[in-house]
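# Coordinate inspection notes
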Amino acid sequence: MVLQGILFFIAAAGAIGGAVAVVLLRNPFFSVLALVCHLFALAVLFLLLYAQFIAAAQLIVYAGAVMVLYVFVVSYVGGADEPIDEGGGAPRALAPIFAGALLVVLALALAGSALTLLDTNGAKLPDNGNAYGTPEQIGELLLTKYLLPFEVASFLLTVAAVCAVVLARRRRGLEELTDDSPLLGEGLGKR
Amino acid sequence: MSHSVALQLATVGFEVSVWAQVIVSFLIFFVVFNMIPMVLLVERKVLGRFQGRYGPNRVGPFGMFQPLVDIAKLASKEDFIPRNASKMIFIIAPVISLFTAIATIAILPFGNTVEDGLFGANYTLYGIDVSIGVLYAFAFGAIAFYGLMLGGWASGSKYSFLGAMRSAAQLISYELAAGLSLVGVIMMSGTLSMTEIVNKQDGTWFIIPQFVGFLVFLVAAFAETNRAPFDLVEADAELVAGYQTEYGGIRFAAFMLAEYMNMIVLSGIGVTMFLGGWHGPGPDWLGPIWVLVKIFILLLFFMWIRATLPRLRYDQLMSFGWKILIPLATINLMVTAVLVVYA
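Residues numbered from 1 in each chain as written. Chains lettered and ligands numbered in written order. Predicted model: local features only at pLDDT ≥ 70, side-chain atom pairs only at ≥ 80, totals over all residues. Heavy atoms only, no water.

### Here we look at the interface of chain B and chain A
Where we set the bar: Note on contacts: a residue pair qualifies if any of its non-hydrogen atoms lie within 4.5 Å across the two residues. When two components associate, each loses some accessible surface as probed by a 1.4 Å sphere; the sum of these losses over both components is called the buried area. Salt-bridge detection follows one rule: a side-chain nitrogen of Lys or Arg within 4 Å of a carboxyl oxygen of Asp or Glu. Any pair of nitrogen or oxygen atoms within 3.5 Å is treated as a polar contact; in protein, a donor-acceptor pairing is required on top of that, and neighbouring residues in sequence qualify only through side-chain atoms on both sides.
The interface is formed by 28 residues belonging to chain B together with 34 residues belonging to chain A. Across the interface of chain B and chain A, roughly 2900 Å² is buried in total on both sides, 73% from carbon and sulfur atoms. In this structure, the connection of chain B to chain A is made through zero salt bridges. The interface formed by chain B and chain A holds one residue pair in polar contact (both at pLDDT 80 or more) in total.

Structure, rendered in structure tokens:
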């Protein structure tokens, strides 16, 4: 249990530090990297909560797919050398108000619970503790109890992907790539 | 502390002392790590033979100490960081690559649980047996990408950057195919746990019913490890050496080490999923040796292909991955699903 405690505080510090760094760092590339650190720390926290599958999915989907695209885009076109636009006017004025409101809400929530749960060991694992959070259990739930939301979500993602392709195509008017296209370097395909 | 508390990372219901776990972990790491110089030497020898020359034969008998002096040479080189480089990330990138490669060794099963084995102790012949099984490997594979990507970006060189970009696109495309190729095996065995999958192959190995999956996995493995004919990431004719162009000395050695470690780990996953893991003729204690032999056969196949096939062009690589491998893996998946339910 001591090990888990140590690991928890390391991961928690990583999660908070990463999240803060995302906002504070000036270079967008480093911001993205900080977000990756944050997601990795979250995965460790999931692991500590016996959610192995979620932890792996977090790494594979977020760190491995979503953030890869972010890194890709930022390092290609994001202008990693120029700092993010300082902004000004309205966003500048509104930001403290929203931040203050969020602080009040969080403070109320924390004060309301009076942090009594800190003294307990948290919620008990269900009786079949060993199967809890395994891919088997999650898969069964996804294909029985939560089938409809699962399918709706996948449908939504498909629609979004198709829409993205359609929009990108219309704006740029991509030509069909052939072996003679200049993009392939002087018709390499012919030789 | 028994491992029922320890994050459920070990088989539950089989009591192993912490010491046994520590010793076995060290042993597995030691064996796998020492395979790397062997693979390096064998690869250079085999490549030499394929190309009608001797390969290294000066240091030690049959050139056997060549990897040793290679590593000594790299370790004694100047510790060099380019002026344009982003220093911290430049330093940390090879560490990420190496860390993820080594972390994945943990799930390779070299044998089953052993009760009353050597010295009358209970022990397991694998690092950990996680319920998420091969997803563990993919999770670390996802992080491994950052080693290459950051290495290429932080070098502050165009060749490195382009190599890193290629690696990004290549890894994303082929990880999909690699994942899909393994799902067939997972459906047939009904579990993700690596040891359970090997246990299910007691009769026939999964390479027979899942031959298509095995082929897709092999091809994807070449791409995942950036090996010829998919080594566009470090295509020497176009990119000098890709993401490692600016690296030298021990950092370069770390990247090389990670690459070969990844080869060994992916071969190990292939052996576990398709080639029956520790099953083979002979008594049970031969199990780990069978695993090593099978891994070596796959590695030799890697080298054979490297010596035989020329490098693909970049668009060929992409269209091969997306238009052939992924549809093939999907069809294999659907056929397997129908057969698993109705046969």
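On we go.
### Overview of the domain arrangement of chain A
Note the threshold: Domain start and stop points were drawn from an automatic or database domain assignment.
Domain boundaries assigned for chain A yield domain 1 (1-82) and domain 2 (134-174). Each of domain 1 of chain A and domain 2 of chain A has a C-alpha centre, and these two points are 23 Å apart.

### Observations concerning the pattern of salt bridges
Residues and elements named next belong to chain B. Convention followed: In this description a helix means any DSSP run of H or I spanning at least four residues, a strand means any run of E spanning at least two, and both kinds are numbered starting from the N terminus. Using a 1.4 Å probe on the protein chains alone, a residue whose accessible area is under 20% of its type maximum counts as buried, one over 50% counts as exposed, and one in between counts as partly exposed.
Applying the stated rule across the entire model yields two salt bridges over all chains. We note a salt bridge from Arg 44 to Asp 70, for which the minimum N-O separation is 2.9 Å. Highlighted residues: Arg 44 in helix α1 (residues 18-50) and Asp 70 in helix α2 (residues 66-75), separated in sequence by 26 residues. Judged by its relative accessible area of 25%, Asp 70 is partly exposed.

### A closer look at the packing of helix α3 (residues 87-104) of chain B against helix α9 (residues 249-274) of chain B
Residue and element names in this part refer to chain B. Definition in use: The axes used here are C-alpha line fits, helices contributing only the stretch in contact, and every angle between their N-to-C directions lies in the interval 0 to 180 degrees. An angle counts as roughly parallel when it lies under 35 degrees, as roughly antiparallel when it exceeds 145, as roughly perpendicular when it falls between 65 and 115, and as oblique in every other case. Here a crossing is taken to be left-handed if its near helix is turned anticlockwise relative to the far helix by less than a right angle, and right-handed if that turn runs clockwise. Here the nonpolar group is Ala, Val, Leu, Ile, Met, Phe, Trp, Tyr, Cys and Pro; Asp, Glu, Lys and Arg are the charged ones; every other residue, Gly included, is treated as polar.
It is at 9 Å that the axes of α3 and α9 come closest, and there the two elements cross at 25°. One finds that α3 runs roughly parallel with respect to α9. Relative to α9, the crossing made by α3 is left-handed. For the pair α3 and α9, the contacting residues are Phe 90, Ile 91, Ala 93, Pro 94, Ser 97, Leu 98, Ala 101, Ile 102 and Thr 104 in the first and Arg 251, Ala 254, Phe 255, Leu 257, Ala 258, Met 261, Asn 262 and Val 265 in the second. Residue composition of the contact of α3 with α9, grouped by class: 13 nonpolar, three polar and one charged.

### Description of empty space enclosed by the protein
Selection criterion: Using a grid of 1 Å spacing that covers the protein atoms alone, one calls a set of points a cavity when a 1.4 Å probe fits there but cannot get out, and a pocket when the set is open and has protein on both sides within 12 Å along at least five of seven lines; lining residues are those with an atom within 4 Å of a point. Grid points are joined across faces, edges and corners, and a volume is the space filled by probe spheres set on the points.
This structure, assessed with the given rule, holds two cavities of 30 Å³ or more. By volume, the largest cavity amounts to about 470 Å³. Taken together, the elements giving at least two residues each to the lining of the largest cavity come down to α3 (52-77) of chain A together with α3, α4 (134-154), α5 (158-189), α7 (211-224) and α9 of chain B. Among the elements that make up the lining of the largest cavity, the one with the highest residue count is α4(B) (eight residues). By residue class, the composition of the lining of the largest cavity is 21 nonpolar, eight polar and three charged.

### Looking at α7(B)
All names here are of chain B. The condition that has to hold: Working rule for helices: expected span equals 1.5 Å times residues minus one.
With 14 residues, α7 extends 20 Å between its outermost C-alpha atoms, agreeing within 8% with the 20 Å of an ideal straight helix rising 1.5 Å per residue. Counting buried residues in α7 gives 10 out of 14 residues, a clear majority hidden from the surface. What α7 keeps buried is the set Gly 213, Phe 214, Val 216, Phe 217, Leu 218, Ala 220, Ala 221, Phe 222, Ala 223 and Glu 224. On its buried face, α7 sits against α5, α9, α10 (287-308) and α11 (314-342). Asn 226 sits one or two residues past α7 and shows a positive phi near 55°.

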